[in-house]
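Overview (structure and organization)
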Amino acid sequence: MNSLNTEAFTLFGQHILWSDMIGNILGLIALALGWRRNLWSWPVQFASGLILFGAFYGHLTGSAGKQAVVMVVAAYGWWQWNRNKGQSDDGHIAPRFASWAERASMIGAAAVGTVAVALLFKAYPTLSWDPWPDAYIFVGTVVAMYAQARGMVEFWFAWLLVDLVGVPLNFANGYAFSGFVYVIYGALVLWGMRDWWLRSRESARPVMEGASA
């Protein structure tokens, strides 16, 4: 893993690490597969999390912790999507909007979790240089991936909110490739959000009696 933390090249004066580059390229692939509701999104996310964990460990503890959570939730997502595949006509999971109760639960968990993790980071300063942004990213990623595992359209909104903090934090701490690649992430998130939104409406549309399947 140490060899992956060496410099690959310099871009616009920013030093690009192999681990940062490879991990984020895998993350892009995983997001694209998630957009297509492909089961292999989860193993690719696991691999991305493993590589980025090595990149961040010892420098951005909150971000490293986020990647550890990514790997755990990726395993959960693989299990969930395996259980629920075949719900739609194309054999994949059927996207849906969360209920108001589910939205309230996720917002509440995100708020309480962010405060709790930030206070932990502040109590142990060696864990994070930026307790509040790190905590926000850490908890926001958990919520986003949980929503994705459950097939909720809201997971795309959650990723956008995480990226609003994650992008400048990556640039500020020298992980330039992470910042650059999130421009592409943003486009994929918007396209994926539109696709899942439309598919969720199709899944919710009742079939008229006597109509062909």
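No experiment lies behind these values; they were computed from the predicted model shown. (Residues numbered from 1 in each chain as written. Predicted model: local features only at pLDDT ≥ 70, side-chain atom pairs only at ≥ 80, totals over all residues. Heavy atoms only, no water.)

A closer look at the overall build of the protein chain
The number of helices and strands found in the protein chain is seven helices and two strands. Listing each helix as α and each strand as β along the protein chain from the N terminus yields β-β-α-α-α-α-α-α-α. Residue pairs in contact within the protein chain that sit at least 24 positions apart in sequence constitute 65% of those at least 6 positions apart. Approximately 11100 Å² of the protein chain is accessible, and the part contributed by carbon and sulfur atoms is 68%. (Helix = DSSP H or I, 4+ residues; strand = E, 2+ residues; numbered from the N terminus. Contact = heavy atoms within 4.5 Å. Areas by Shrake-Rupley, 256 points an atom, 1.4 Å probe, with all protein chains shown as cover.)

Structural notes on helix α2 (residues 41-56)
Its 16 residues give α2 an end-to-end C-alpha distance of 22 Å, which sits within 8% of 22 Å, the value for a rise of 1.5 Å per residue. Buried within α2 are the following residues: Ser-41, Trp-42, Val-44, Gln-45, Ser-48, Gly-49, Ile-51, Leu-52, Gly-54, Ala-55 and Phe-56. (Expected span 1.5 Å × (residues − 1). Buried < 20%, exposed > 50% of the residue type's maximum accessible area, 1.4 Å probe, protein only.)

Thoughts on the pattern of salt bridges
Scanning all chains against the criterion turns up three salt bridges. Residues Arg-199 and Asp-195 are paired through a salt bridge, measuring 3.1 Å at the closest nitrogen-oxygen approach. With Arg-199 and Asp-195 both in helix α7 (residues 176-204) and four residues apart, this pair spans about one turn of that helix. For Asp-195, a relative accessible area of 15% translates into the label buried. (Salt bridge = Lys/Arg side-chain N within 4 Å of Asp/Glu carboxyl O.)

Regarding the nonpolar core
Counting 38 residues, the largest nonpolar core has Trp-42, Met-145, Trp-156, Trp-159 and Trp-196 as the members making the most contacts within it. Only α1 (18-35), α3 (61-84), α4 (100-123), α5 (131-149), α6 (154-172) and α7 provide two or more residues apiece to this core. By residue number, the principal contributor to this core is α5, which donates eight residues. Apart from residues no more than four positions distant in its own chain, Trp-42 is found in contact with Val-73, Ala-74, Gly-77, Trp-78, Trp-81, Met-145, Gln-148 and Ala-149. (Core = buried A, V, L, I, M, F, W, Y, C linked by side-chain atoms within 4.5 Å.)

With respect to the side chain of Thr-141
Positionally, Thr-141 belongs in helix α5. Of the residues examined, Thr-141 reaches a relative accessible area of 1% and is grouped as buried. Here Thr-141 is in contact with Lys-66, Val-70, Trp-159 and Val-162, once residues within four sequence places are set aside.

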